[in-house]
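Notes for the structure review
Listed below are the residues making up each chain.
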Amino acid sequence: MKKFLFTVLFVLICVNLSFATARKNSGCGLGAMLISPNNDTLVGNLAMTFLNGTFGTQTFGITTGTSECDKPTHFVKNERLQEFVVANMDNLAKDIVVGKGETLDSFAELLNIPVDQRKEFYAKLHDSFMRIFTSENIQMAEVIDNVVLEMTKN
Amino acid sequence: MKFLKRVRAILLLPCVFLFWYEFSLAYSDTTFVYKYYLKESAKRLDLHKDRYWHILLHYSKKVDGYESFIDDAKFFLSREGKKNPQSELLETIDSFFEIPSTNHNDHPRCRFIARYEWLKEKLNIDESKLPEVKCSEFQDVFQRVNPKSASLIFPSFYPNSPASMFGHTLLRLEGDFHSSLLAYAVNYSAIPEDDFALIYTFKGIFGYYKGIYTAMPYYDKVREYSDIERRDIWEYNLNLTAEEVKKMFLHLWELKDIFQFYYFFDENCSYNILFLIEAARPDVNLIEKFKFWVIPVDTIRVVIEEGLVEKIVYRPSIYTRIKFLSSFLPEKKSNIVLELVNGSISPEEILKDDKYLTLQERQKILEISAEILQYKYFTKDISKDLYQKRYLQVLRARSQLPIWEEENIFSAPSSPETGHESARLKIGQGVYNGNGYLDISIRPAYHDITNNDRGYIEGSQIVFTDLHFKYFRDKFFLERFDLINIISFSPFDYFSRSLSWRVKTGFERKGFYFDKDDLYYFVNAGCGMSAKILSILSYMLFNGSVEMGGVYKKNFSGGIGIEGGVIKNFRNRSKTLITLESMYYPLGDNHKLYKLSFTQNFFLNKNLEMGFSYTRKKVFSHYSYDFGVLINYFFR
């Protein structure tokens, strides 16, 4: 019997039966993006095969909402911009320091920066990164306001 | 027929006048006449037989008529709607005349807006003769999404999860924004209810879960697949016109909050996405191309064959990005990245170090570190607090170095649809301990470790229901039946240490073909590691196995063992595989197994492979050898 249990245990080594915590957005700052369910296990992997699953049961999440976050003083009406910054803040920060990227392009588009002025805009954001992302606890509203502040400076 | 219908209409006319009086107080008389007129026109035009009506209601032809795939009663206005296209059509026309409640959005003309728009066009409906209805909810969402074009999205397979090899497809609706991140994703998926994985699997296969269509910003989906699950994404831009995309959206709106039972093998994500494409362009036939099962990548092939794809775009995952950026860094300097990530050196030290590191190297080290920090945060290797702190530190340091002007050009691997087809027929001939045999095996899905990796992921295998027959001179029998046989060898990288593993279950024989050698049931799982050195993938696994059947005196045997092997892929032209395995079974029937095998496979074209294999084996005290040549033919 001992031997049997040993074998069963062995087979289960890679198999972690605790499974799937739902994904959720948490917060309005860095690292607030969706977090995956814990499916890096064997059985988790198998189960994912059979689901192609979406976790979270929101059906038409056309707007993701930013109700839990502070509102910026600028672009108050631009819900889409705010949602985008909340959901993509980490990649936006990375694109700003690198000076290019799809997230940065989207951000510029939402701010209505004409294409021919983007290069200049990106350079400016890059140079003022420290003044935009002032702390690791920064939130969406401050990011937007700081960007506006930097852009209006000469 | 038409004449009879007209006569009937004339005969019915007196009734109409009679009702005129009846309804004149409660409801306008002209309404009644108009409703009657529309229904008669619909009958005359046989609209219930129209292909578009069948697309909108998801009808499929059965032996005795039609049946809709949709299981939700809310979707049908007629009680017989699921099986009766005509009664559904007539009830739908009726419903257009309903006096709206205070919430117009629940009115059938808003709820089933694609049906309404289509019938309005077909029957020339004069809207002024219908009660006034304002679909404000629809208008809001439509304006926000503003769909102008669409793409079919295929998140590819991710390392260490052959489960994802089966793939997934979704749609993307693009508006006026240039950046595709600002588009919307439309997804069909199951709503899981339990959190026990095995129940998931069971319920997913047998249709116990409800599937629904969902929509969300595309950037959320990109993060889910590209960043969190490390899957490259393939985007197939469709050549649908704005008008066609609008029709798709109208139909999508009808499907909002409507469920249908989810069946993993056929009524799955990819299948249901096809209905939306047909609603956009009814001239194409997609649904009927699939009979028994629907493999996501096959739906892409069909969509391409129907001439719907304009352009293919590759979106690298976080994993691919890290590998790409790392290629700018000499290998011996990659440990600096790790030290930076785990905090043993600070980003400022990198900035100052202009003697050992070039400017480009400093830029890349900081950029890679930022990606790896994200990667580690997604895999929960580091806490949120630590992540926020280090991530920002690294980015701040990077912001003090200039912008890197050159574009990152990723060389895209072969796209998934260029891989071999999903089903396979294998025919072989060989010698087993001096006895000649013929081999035949049929497998609906999907890819095994000896097959061509083009379009698939190297070191992975996903096999479902592989039936394997053998024919010796005097006997023909089922040699083995693999229900599931999945392998994932994901080699160690300097930045990640993922597990390699295998799991398989099914029926097999010990291989004493001329003695008592009944089929037994087995479950076998193993885990270990793999590495890719000099383009050879080597692996090592610790295995555990439980086998049950009458072939064993005690009806079962259980054991553990070790296995190692090497795989070499010669530029997708041929592949060599050598494995060595030993198993010790202390439980039930005590025995041992030793096995050496060598396989060589040549890839003649996309769907044709030819090879040979040699196996030497010792089980109990029984020695055997097996040499065979084989042909693999892939088809759909």
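Okay, so let's go over this structure. Fair warning: this is a prediction, and the values are worked out from it, not measured in the lab.

Brief notes about the environment of Arg-509 of chain B
Residues and elements named next belong to chain B. With respect to the helices and strands, the residue Arg-509 is situated in the loop between strand E15 (500-508) and strand E16 (520-533). Separated by 40 residues in sequence, Arg-509 and Gly-549 place their C-alpha atoms 9.9 Å apart. Within the local environment of Arg-509, its side chain forms a polar contact with the backbone oxygen of Leu-478, the two atoms lying 2.8 Å apart. Among the polar contacts listed, one links the side chain of Arg-509 to the backbone oxygen of Asp-517, at a separation of 2.9 Å.

With respect to the nonpolar core
One finds Leu-119 and Ile-277 of chain B to be the most contacted residues of the largest nonpolar core, which totals 96 residues. Element by element, the count of residues in this core is highest for helix H11 (residues 269-280) of chain B, at 9 residues. In this view, Ile-277 of chain B contacts Leu-152, Leu-171, Leu-238, Met-248, Leu-286, Val-303 and Leu-308 of chain B; residues no more than four positions away in its chain are not counted. Ile-138 of chain A together with Phe-324, Leu-325 and Leu-351 of chain B belong to the second largest nonpolar core, which has 77 residues in total.

Notes on the state of the cysteines
Linking two cysteines covalently via their sulfur atoms produces the bond known as a disulfide. What the rule picks out here adds up to 2 disulfides over all chains. With a sulfur-sulfur separation of 2.1 Å, Cys-28 of chain A is cross-linked through a disulfide to Cys-69 of chain A. One quick way to see it: the torsion about the S-S bond of Cys-28 of chain A and Cys-69 of chain A is about -90°, and its sign makes the bridge left-handed. Of the two residues, Cys-28 of chain A sits in the loop between helix H1 (2-11) and helix H2 (42-49) while Cys-69 of chain A sits in the loop between H2 and helix H3 (79-98), which places them 41 residues apart along the sequence. Exposure class is identical for Cys-28 of chain A and Cys-69 of chain A. Each is buried. Note that Cys-110 of chain B is cross-linked by a disulfide to Cys-135 of chain B, the S-S spacing being 2.0 Å. Taking the torsion about the sulfur-sulfur bond, which here is approximately -85°, the covalent link between Cys-110 of chain B and Cys-135 of chain B counts as left-handed.

Side note on unusual backbone geometry
Of note, the bond from Ala-445 of chain B into Tyr-446 of chain B is cis; its omega dihedral lies within 30 degrees of zero at 25°. Mapping Tyr-446 of chain B onto the fold places it in strand E12 (residues 445-447). Of note, the phi angle at Asn-112 of chain A is positive, near 60°, even though the residue is not glycine. Within the secondary structure, Asn-112 of chain A is located in the loop between helix H4 (102-110) and helix H5 (118-127). Residue classification places Asn-112 of chain A among the exposed positions, given a relative accessible area of 67%. The backbone of Arg-571 of chain B shows a phi angle near 45°, a positive value even though the residue is not glycine. As for its position among the elements, Arg-571 of chain B is in the loop between strand E18 (556-570) and strand E19 (574-588).

Things to note about the packing of aromatic side chains
Residue and element names in this part refer to chain B. Using the criterion set out here, one finds 43 aromatic pairs over all chains in the structure. For the ring pair Tyr-34 and Tyr-37, a centre distance of 6.0 Å and an interplane angle of 20° mean the geometry is stacked. Of this pair, Tyr-34 and Tyr-37 both sit in helix H2 (residues 29-44), 3 residues apart, which is roughly one turn of that helix. The interplanar angle of 5° and the centroid separation of 4.3 Å between the aromatic rings of Tyr-377 and Tyr-387 together place this pair among those described as stacked. Of this pair, Tyr-377 sits in helix H16 (residues 359-378) while Tyr-387 is found in helix H17 (residues 384-399), placing the two residues 10 residues apart along the sequence. Taken as a pair, Tyr-377 and Tyr-387 share a single burial class, namely buried. Within the aromatic cluster, the residues linked to one another by ring pairs are Phe-138, Phe-142, Phe-249 and Trp-253. One Lys or Arg, Lys-210, reaches over the ring of Phe-259 and ends 4.4 Å from the middle of that ring. Here the guanidinium or amino end of Lys-247 rests over the ring plane of Tyr-52, the centre of that ring lying 5.4 Å away.

Regarding the pattern of salt bridges
Side-chain pairs of opposite charge can arise where the charged atoms are in close proximity. Taken as a whole, this structure holds 53 salt bridges over all chains when the rule is applied. A salt bridge links Lys-256 of chain B to Asp-257 of chain B; the nearest nitrogen and oxygen atoms lie 3.5 Å apart. For Glu-367 of chain B, the salt bridge goes to Lys-364 of chain B, with nearest N and O atoms at 3.4 Å. Taken together, the residues Glu-367 of chain B and Lys-364 of chain B, both in helix H16 and 3 residues apart, mark about one turn of the helix. The class of Lys-364 of chain B is buried, set by a relative accessible area of 0%. The structure contains a network of salt bridges with shared partners spanning Glu-102 of chain A together with Arg-172, Glu-174, Glu-235 and Arg-315 of chain B.

About the thresholds
- Residues numbered from 1 in each chain as written.
- Chains lettered and ligands numbered in written order.
- Predicted model: local features only at pLDDT ≥ 70, side-chain atom pairs only at ≥ 80, totals over all residues.
- Heavy atoms only, no water.
- Helix = DSSP H or I, 4+ residues; strand = E, 2+ residues; numbered from the N terminus.
- Polar contact = N/O pair within 3.5 Å; in protein donor to acceptor, adjacent residues only side chain to side chain.
- Core = buried A, V, L, I, M, F, W, Y, C linked by side-chain atoms within 4.5 Å.
- Buried < 20%, exposed > 50% of the residue type's maximum accessible area, 1.4 Å probe, protein only.
- Contact = heavy atoms within 4.5 Å.
- Disulfide = S-S within 2.5 Å.
- Phe/Tyr/Trp six-rings, centres within 6.5 Å; stacked < 30°, edge-to-face > 60°.
- Lys NZ or Arg CZ within 6 Å of the ring centre and 35° of its normal.
- Salt bridge = Lys/Arg side-chain N within 4 Å of Asp/Glu carboxyl O.

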